[in-house]
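Each chain is listed here by its residues.
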Amino acid sequence: MSRLDRYIAERYPWLTRTRAVAGAFAIVLLIVAIWPHAHVVGEFVIATAIPGSIGAVGWALTYWSRARVEIGRRQLRYKSVRRIAGVAALACLPFLLTQRASIYLRSPHPFFSASDEDEHLHCYVAVARLEGDDGNRIGKQLLSALGSIDRRFFITPVILDRTIPVSGRAEENQHIEAITSIGNPTVRILLWGGAKGDGSSAIGPLYHTALFGDAQFGGVFRPADFKLPELPLDELSVVLQLVVATATARSMEVWAYKFGDALEPLIKQVREMAKDPRKTSAWSPDTRARVNLTIGIALRTSAIEFLSEDSFRQAIAYFQATQTDWTREKNPLEWAMVQQNLGSTLCEVSILNLQASPLHEALTAHQNALAVYQAHSDQIDSANAQYLMGIVFQHMADHEAGTDSLRRAVDCYRTAIKGIEGKRYPFLWAAANKQLGTTLNALADRDGNSNEYEQAMAAFQAALRVYNWDLSLEQWADTQVELAESLQLLGEARSNADDLKQSIALSRQALEGFRRDSDPRRWAAIQATIGNELLSLNDIQPNPSYPEEAAAAFRDSLAEQSFKQDPMAWATAQDALGNALVAMGEASSDTAYFEQAIDAFNNALKVFRPDREPVPWARAKSDLGDALSDLGARGSGIRYLSEAVDNYHEALTVLTKDKLPSDWHKTQYNLGIALDELKQRGWKGS
């Protein structure tokens, strides 16, 4: 026995070699459990995992008869091999298992949420250790600030126990390391960067990286995502709260989840701070611009929630204020980022007030951004600008009778798709394909080219390769329903009942994912789609039950539609209900249905105006003419028939042969029927 062994035996008689080895083993396991992300721990785990895995495989093989024969041929005893391999596995694998278990338990998990139903709403925000933040003091305060955000946003802050260096490295390399540093898919936002000086001076650079979908907070795909303004810690904490809450609110919009006025206190707090000269006197122009941009995006998000044109206008004012600090010459990429936000907000204003003029301003803003991105050879942001321009042209088409804007929208979407790497930006690629399909449907509906329906179906099917039931239910359902609409319209064009039956099946499949009370807007929209499909099927295979089912679907849809909140959707459903009632009247010869249909068409015409929505207005006028003509043909006198003729003539001022040939032919044909009926009754009009 050596002198050291004798000393230990005499001084610590209870400390045997077995106990010493077991104690050391336990201490190392404890270190691995406490610091699973540490570099040394990671290297140690890898070093032990290799022999441990080999030992586990060897131990398992000793239970296989053929392996035991091979062991015997090598003059070894399989029991000895089993014992040695088992010891190696037991000694080495616990470190790997402990590290994995520790990482798993430290990470956020779905069962932490208040209810399984709202799990998709939870936003886990990881805060990396900031470079230069000794003792993680700043990081802890930022975590505390995130933890105090209104609980309606379901935000849970967590620690990322690693630093992403920002000094002396290319911005793109920093970003790549940031987005690859999170191994847990439940984390949706990462905050990372550096700290300089103490808490009283400006802190930064600090970055906000979104890890869900494709879009970044600022509305662009620049390498650094969104750089937060460099502010003192107390001011930075408030701005950070607003940035994270706004990003979360924007993702909740996709799930049709209402967050109410939860953003308002934060918006008010940051706005008051931005007005305080005692604070802003020390701000740099870049800091002032980033704070104004943050407020503008938050106001736009709140405006969408409340359908508030005033909030949209305030957001626009903040975006414009931002551009006094970020100029096209000195800050081209930042300036373009604001232009994109400005364009999107103006488009929202147009959707809300049903005016076309904001769309022209929006188009100019997106074109300005596109010019900057093209000058910098920025492919993804150029593609995104094309996508946003496509949306503007698509809305412009709602205010026009021709197909020019629709064709320009199609060109924009196709250009965008070519510039988007589907594997790298799958959701933007899918969204562009979905919008392309929607626009092709509208184009085919106006120009009568059924081949465009097939192109639309191909675009929707491409989008459905990204959207799925499990991870993106809302997008999947919306795209599925639009695919069904393409089938419906193609079935109409080719008088194919099988296409129509398949479209109904697809829409009903989509409806299965939404309870009426959980997502009434989508539920109502799908009901309206099913109603239209049933009416189309009735045109090809007349069956009294089809228009009855369609009318029930439209009434269910209208029960969840609000004239004040979404007048266009309400009016569209009223027009569709009128068509179902006309079909019911034709099947039963009950004039009461025609009278109800006339009321429904007149309801739709309370919203549709020839100067604002010319095509929906003209089609509703033509539909009203059909109901009046049918009612007049079943009664005496010429009142209803003459009113039908007047409505057909008004409709034909928009439904012209060169712009909308299919609608023109249908209206002219029905006008001829009404005129013949009038002449048979002795009418002498022209």
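None of the values given here were measured: they were computed from a predicted structure.

Parameters and conventions
- Residues numbered from 1 in each chain as written.
- Predicted model: local features only at pLDDT ≥ 70, side-chain atom pairs only at ≥ 80, totals over all residues.
- Heavy atoms only, no water.
- Helix = DSSP H or I, 4+ residues; strand = E, 2+ residues; numbered from the N terminus.
- Expected span 1.5 Å × (residues − 1).
- Buried < 20%, exposed > 50% of the residue type's maximum accessible area, 1.4 Å probe, protein only.
- Contact = heavy atoms within 4.5 Å.
- Polar contact = N/O pair within 3.5 Å; in protein donor to acceptor, adjacent residues only side chain to side chain.
- Phe/Tyr/Trp six-rings, centres within 6.5 Å; stacked < 30°, edge-to-face > 60°.
- Lys NZ or Arg CZ within 6 Å of the ring centre and 35° of its normal.
- Patch = residues over 30% accessible without salt bridge, like charges linked within 9 Å, V, L, I, M, F, W, Y side chains within 5 Å.
- Areas by Shrake-Rupley, 256 points an atom, 1.4 Å probe, with all protein chains shown as cover.
- Salt bridge = Lys/Arg side-chain N within 4 Å of Asp/Glu carboxyl O.
- Pairing = 2+ DSSP bridges.
- Axes fitted to C-alpha atoms, helices over the stretch in contact; angles between N-to-C directions.
- Lys, Arg positive; Asp, Glu negative; His and termini not counted.
- Disulfide = S-S within 2.5 Å.
- pLDDT = per-residue confidence, 0-100.
- Parallel < 35°, antiparallel > 145°, perpendicular 65-115°, else oblique.
- Left-handed = near helix turned anticlockwise from the far one by under 90°.
- Nonpolar A, V, L, I, M, F, W, Y, C, P; charged D, E, K, R; others polar.

Draft legend 1. Fine view of helix H20 (residues 497–511). An ideal rise of 1.5 Å per residue puts 21 Å on 15 residues; H20 measures up with 21 Å between its terminal C-alpha atoms. Residues of H20 that are buried include every one of Ala497, Asp499, Leu500, Ser503, Ile504, Leu506, Ser507, Ala510 and Leu511, and no others. Structurally, H20 contributes buried residues whose contacts are with helix H19 (473–494) and helix H21 (520–540). For H20, the capping residue at the N-terminal end is Asn496, with a side-chain oxygen 2.9 Å from the backbone nitrogen of Asp498.

Draft legend 2. A look at the packing of aromatic side chains. For the structure on display, the rule yields 7 aromatic pairs. With a centroid separation of 5.8 Å and an interplanar angle of 40°, the aromatic rings of Phe153 and Phe259 are classed as tilted. Here the residue Phe153 occupies a position in the loop between helix H6 (137–147) and strand S2 (155–163), and Phe259 occupies one in the loop between helix H8 (233–254) and helix H9 (264–275), the gap between them amounting to 106 residues. In terms of burial, Phe153 and Phe259 fall into one category: buried. When the centroid spacing of 5.0 Å and the interplanar angle of 70° are considered together, the rings of Trp469 and Trp476 count as edge-to-face. Over the ring of Tyr63 we find Arg82, and its NZ or CZ is 3.8 Å from the ring centre. Across from the ring centre of Phe226, 5.9 Å away, lies the NZ or CZ of Arg290, which sits over that ring.

Draft legend 3. Representation of a nonpolar patch on the surface in the model. A cluster of nonpolar side chains, namely Ile46, Ile50 and Ile54, defines an oily patch on the protein surface of about 310 Å² accessible area. Looking at Ile50, the relative accessible area reads 51%, which means it is exposed.

Draft legend 4. Just H8, in detail. Along its 22 residues, H8 runs 32 Å from first to last C-alpha, staying within 8% of the 32 Å computed at 1.5 Å per residue. Most of H8 is tucked away, with 18 of its 22 residues classed as buried.

Draft legend 5. Seen up close, the sheet that holds strand S4 (residues 206–210). One open sheet accounts for 5 strands, arranged S2-S1-S3-S4-S5; its pairing is mixed. Looking at the sheet topology across the chains shown, the edges are occupied by S2 and strand S5 (226–227). Of the pairings in the sheet, the one linking strand S1 (residues 123–129) to strand S3 (residues 187–193) comprises 4 bridges and is parallel in character. What sits directly across from Val127, in S3, is Leu191. Lying over the sheet, H8 contacts S1, S2, S3, S4 and S5, oriented at roughly 155° with respect to S3.

Draft legend 6. Up close: the side chain of Asp499. With respect to the helices and strands, Asp499 occurs in helix H20. Of the side chains with opposite charge, Arg494 lies nearest to the buried Asp499, which makes no salt bridge, at 6.0 Å. In this structure Asp499 touches Leu487, Leu490 and Gly491, once residues within four positions along its chain are discounted.

Draft legend 7. Looking closely at unusual backbone geometry. In the segment running from Gly204 into Pro205, the intervening peptide bond is cis, with an omega of 0°. As for its position among the elements, Pro205 is in the loop between S3 and S4. A positive phi is found at Ser589, a non-glycine position, where the angle reads about 60°. Note that Ser589 resides in the loop between helix H23 (567–588) and helix H24 (591–604).

Draft legend 8. Structural view of the pattern of salt bridges. One pass over the full model with this rule turns up 27 salt bridges. For Asp150, the salt bridge goes to Arg152, with nearest N and O atoms at 3.0 Å. Residue Asp150 is classed as partly exposed on the basis of its relative accessible area of 29%. Judged by relative accessible area, which is 34%, Arg152 ranks as partly exposed. Here Arg516 ties to Glu560 by a salt bridge, and the two come within 2.9 Å at their closest N and O atoms. Here Arg516 is found in the loop between H20 and H21, whereas its partner Glu560 is found in the loop between helix H22 (545–559) and H23, with 44 residues between them in sequence. Among the residues examined, Glu560 registers a relative accessible area of 31% and is labelled partly exposed.

Draft legend 9. Local environment of the state of the cysteines. Under the definition given, this model contains 0 disulfides. Not engaged in a disulfide, the cysteine Cys412 finds its nearest cysteine sulfur in Cys347; these two sulfurs lie 12 Å apart. According to the relative accessible area criterion, Cys412 is buried, its value standing at 7%.

Draft legend 10. Geometry of the side chain of Glu482. Here Glu482 lies in helix H19. Only 2.5 Å separates the side chain of Glu482 from the side chain of Thr438, close enough to count as a polar contact.

Draft legend 11. Highlighting the confidence of the model for the chain. With 91% of its residues at a pLDDT of 70 or more, the chain shows a mean pLDDT of 87. pLDDT under 50 marks residues 106–117. Its contacts with residues more than four places away, or in other chains, come to 19 contacts.

Draft legend 12. Focus on the packing of helix H17 (residues 426–447) against H19. In contact at an axis separation of 10 Å, H17 and H19 are set at 25° when each is read in the N-to-C sense. Looking at the two axes, H17 sits roughly parallel to H19. Between H17 and H19 lies a crossing of left-handed hand. Touching Lys434, Thr438 and Asn441 of H17 are Asp478, Thr479, Glu482, Glu485, Ser486 and Leu489, all from H19. Per-class residue counts for the contact of H17 with H19 are 1 nonpolar, 4 polar and 4 charged.

Draft legend 13. Region of the structure containing the packing of H23 against helix H25 (residues 614–633). Axis separation between H23 and H25 bottoms out at 10 Å; the angle between their running directions is 25°. When the axes of H23 and H25 are compared, the pair comes out roughly parallel. Note that H23 runs across H25; the crossing there is left-handed. Along the contact surface, H23 presents Asp575, Asn579, Val582 and Glu586, while H25 presents Ala620, Asp623, Ala627 and Asp630.

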